[in-house]
Amino acid sequence: MSLLIRNRGAMLLLMLNIFLVFTGIGLVVPIMPTYMTELHISGSMVGLLVAAFSLTQLLFSPFAGRLSDTLGRKKIIVAGMVVFALSEWLFGAVSSPVLLFAARMLGGVGAALIMPAVMAYAADVTSNEERARGMGYINAAITTGFIIGPGIGGYIAEFGIRVPFYAAAVAGAIAAIITLFILPESVSAEQRAESRSNPAEKQSLLTQLLNSGRERYFFNLIIVFVLAFGLANYETVFGLFVDHKFGFTPKDIAFIITFGSISGAVVQVTIFGWILNRFGEKRVISVCLFLSGLFVVLTLFVSSYWLIVAVTFILFLSIDILRPAVGTQLSKMAGEQQGYVAGLNSAYTSLGNIAGPIVAGFLFDIDINFPYVAAAIVLLLCFALSLRAGKARGLSSGN
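For clarity, every value in this text was computed on a predicted model and none was experimentally measured.

### Focus: the packing of helix α13 (residues 272-279) against helix α14 (residues 281-299)
Packing of α13 against α14 leaves a shortest axis separation of 6 Å and a crossing angle of 110°. As judged from the angle between their axes, α13 and α14 are roughly perpendicular. On α14, the residues touching I275, L276 and F279 of α13 are E281, R283 and V284. Among the residues forming the contact of α13 with α14, the class breakdown is four nonpolar, no polar and two charged.

Right, dumping it as structure tokens:
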């Protein structure tokens, strides 16, 4: 019996936790135009508000990755869910921009605790052959959270702009309780003791980021950053973009994001493993980077509702394939340092999620088209670098 089948219940619980986190993150997308109006804040302030979440996630992710190796995955996941629930309740309860920042930063701490531990747990309970499938399941839960989050945010907000956040807080608390009593620990006491004695696990965040430049998986981390930058850039201003340019309602925005994302979840739980085994991570990563950049550009040239839906559909599909492809390749390179490398993955994601919204917000205030120009340039540049890196690896293997 395979590891994945034997640990099916644990994987389902992991998927539930990560789904709830990204549902909570996605709640804010369709209602941000309303928040801008109510709080009288600019596009650049929206970008900073989104980036605040990622800043704390960045600061805590490597530390959280180490904790999941030394204390165990389960404890860190439960702690992260509790912090996440508190952040969602706070975001729903407060009114001032300062307290909204505090709520999002607390949410970043929760995400920093959850993400590396969940990714490392998935690596613990899958073999190398099953890794792509396991990562596909986790990323399908992430994608589905992004699908459901904006939908819930757009539709439930009609009953009250803050109701979705209270619902997310309750769901997060329930998930934490279920995880505490049901999820088994995937790291033995001996493995945790060995991790505590590993000096590489005791580096500071800055040292880890600097040292990552010497690792063979560094280019994968660069792709993680670029992907996060491009997606955060795109999503941060998407609601504002179509609201200002076409007068779309929160319902319209929620539907477009939902329809554009849903195919990714289907692909990740059905044929993602086959795609990676058939074409290989390197080729899949390059193709998806190109498609992502191309369809960000096309967003600027479409005008009808259904063309926007179609462009968003293909863009999200390419990103939803790219994300687990990079994660799978990283986990295969991590060896015995699954939590450590998962922490770096989360840290580079946070860097992109910080830079993307800040750049998008400030560029949006200059011209509503500029954020997508910046996102496309970064994605296509990374595509070119991926081709160059592939050729270099080919030449190296041929010698």
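### Observations regarding helix α6 (residues 97-124)
Compared with an ideal rise of 1.5 Å per residue, which puts 28 residues at 40 Å, α6 spans 41 Å between its outermost C-alpha atoms and is within 8% of the ideal. For α6, the buried fraction is high: 20 of the 28 residues fall into the buried class.

### Here's the deal with α14
One full turn of an α-helix is made of 3.6 residues, so residues set three or four places apart face in the same direction. The terminal C-alpha atoms of α14, which comprises 19 residues, lie 27 Å apart, in line with the 27 Å expected from a rise of 1.5 Å per residue. Of the positions making up α14, those classed as buried are E281, V284, I285, S286, C288, L289, S292, G293, F295, V296 and T299.

### Brief notes about the packing of aromatic side chains
Enumeration over the complete set of coordinates arrives at four aromatic pairs. On the numbers, 6.3 Å between centres and 35° between planes, the contact of F225 with F229 is tilted. Here the residue F225 and the residue F229 both occupy positions in helix α11 (residues 218-246), the gap between them amounting to four residues, near one helical turn. Residue class for F229 comes out buried when judged on its relative accessible area of 7%. Taking 6.0 Å as the distance between ring centres and 85° as the angle between the ring planes, the aromatic pair formed by W274 and F279 counts as edge-to-face. Above the ring of F91, the side-chain terminus of R104 is found at 4.9 Å from the ring centroid. Above the ring of F279, the side-chain terminus of R278 is found at 5.1 Å from the ring centroid.

### As for the nonpolar core
Grouped together as the largest cluster of nonpolar side chains are 68 residues, with contacts concentrated most on F238, L289, V296, L322 and Y372. The element best represented in this core is α11, accounting for twelve residues. Setting aside residues up to four positions removed in sequence, Y372 forms contacts with N233, Y234, V237, F238, F241, V296, T299 and L300.

### Focus on the packing of helix α2 (residues 8-26) against α6
The geometry of a pair of packed helices is captured by two quantities: the angle between their axes and the separation between those axes. Remark: α2 packs on α6, axes separated minimally by 11 Å, with the N-to-C direction vectors making an angle of 155°. Considering their axes alone, α2 and α6 lie roughly antiparallel with respect to each other. In the packing of α2 onto α6, the handedness of the crossing is left-handed. Of the residues in α6, those in contact with A10, M11, L14, I18, V21, F22 and I25 of α2 are R104, I114, M115, V118, Y121 and A122. Per-class residue counts for the contact of α2 with α6 are twelve nonpolar, no polar and one charged.

### Let's talk about the side chain of T179
Mapped onto the elements, T179 comes out in helix α8 (residues 163-182). Only 3.0 Å separates the side chain of T179 from the side chain of N17, close enough to count as a polar contact. Setting aside residues up to four positions removed in sequence, T179 forms contacts with L13, N17, K74, I77 and V78.

### Things to note about the confidence of the model for the protein chain
Residue-level pLDDT values for the protein chain average 77, and 84% of them are 70 or greater. Averaged pLDDT values over the elements of the protein chain bottom out at 57 in helix α1 (residues 3-6) and peak at 89 in helix α5 (residues 73-93). pLDDT under 50 marks residues 394-399. Its contacts with residues more than four places away, or in other chains, come to zero contacts.

### A short note on the environment of K245
Mapped onto the elements, K245 comes out in helix α11. Residue K245 is classed as partly exposed on the basis of its relative accessible area, which comes to 33%. C-alpha of K245 to C-alpha of I368: the two residues are 123 residues apart in sequence and 8.3 Å apart in space. When near neighbours in sequence (up to four residues on either side) are disregarded, K245 contacts L300, I368 and N369.

### Focus: the side chain of S292
Within the secondary structure, S292 sits in helix α14. On the basis of relative accessible area, S292 is assigned to the buried category, the value being 0%. In this structure the side chain of S292 is engaged in a polar contact, spanning 2.7 Å, whose partner is the backbone oxygen of C288. For S292, the contacting residues outside a window of four places in its chain are L315, S318, I319 and L379.

Cut-offs and rules
All residue numbers refer to position in the chain's written sequence, counted from 1. For a predicted model such as this one, the threshold for reporting local features is a pLDDT of at least 70, and the threshold for listing and counting side-chain atom pairs is 80 or more; totals across whole chains, interfaces and linings nevertheless cover every residue. Side-chain metrics rest on all non-hydrogen atoms present in the structure, leaving aside hydrogens and water. For every element, the axis is a line fit to its C-alpha atoms; helices are fit only across the contacting stretch, and the angle between N-to-C directions ranges from 0 to 180 degrees. Only runs of H or I of at least four residues qualify as helices and only runs of E of at least two qualify as strands under DSSP, and these elements are numbered from the N terminus. Between 65 and 115 degrees an angle is taken as roughly perpendicular, under 35 as roughly parallel, over 145 as roughly antiparallel, and anywhere else as oblique. By definition in these notes, contact holds between two residues if any of their heavy atoms fall within 4.5 Å. Throughout, the ten residues Ala, Val, Leu, Ile, Met, Phe, Trp, Tyr, Cys and Pro are labelled nonpolar, Asp, Glu, Lys and Arg are labelled charged, and all others, Gly among them, are labelled polar. To estimate the expected span of a helix, count its residues, drop one, and scale the result by 1.5 Å. The classification of residues rests on relative accessible area computed with a 1.4 Å probe and restricted to protein chains. Under 20% of the type maximum is buried, over 50% is exposed, and intermediate values are partly exposed. The aromatic pairing rule takes the rings of Phe, Tyr and Trp, using the six-membered ring of Trp, and pairs them if the centres are within 6.5 Å, calling planes under 30 degrees apart stacked, those over 60 edge-to-face and the rest tilted. In this scheme, Lys NZ or Arg CZ marks a charge over a ring once it lies within 6 Å of the ring centre and within 35 degrees of the ring normal. Only buried residues count toward a nonpolar core, which is a set of Ala, Val, Leu, Ile, Met, Phe, Trp, Tyr and Cys residues joined through side-chain atoms within 4.5 Å. Take the far helix as the reference: if the near one is turned anticlockwise from it by less than a right angle, the crossing is left-handed, and if turned clockwise, right-handed. Pairs of N or O atoms within 3.5 Å make up the polar contacts considered here, provided that, within protein, one atom can donate a hydrogen while the other can accept it, and that residues adjacent in sequence are counted only when both atoms are side-chain atoms. Values of pLDDT, the confidence the predictor places in each residue, fall between 0 and 100.

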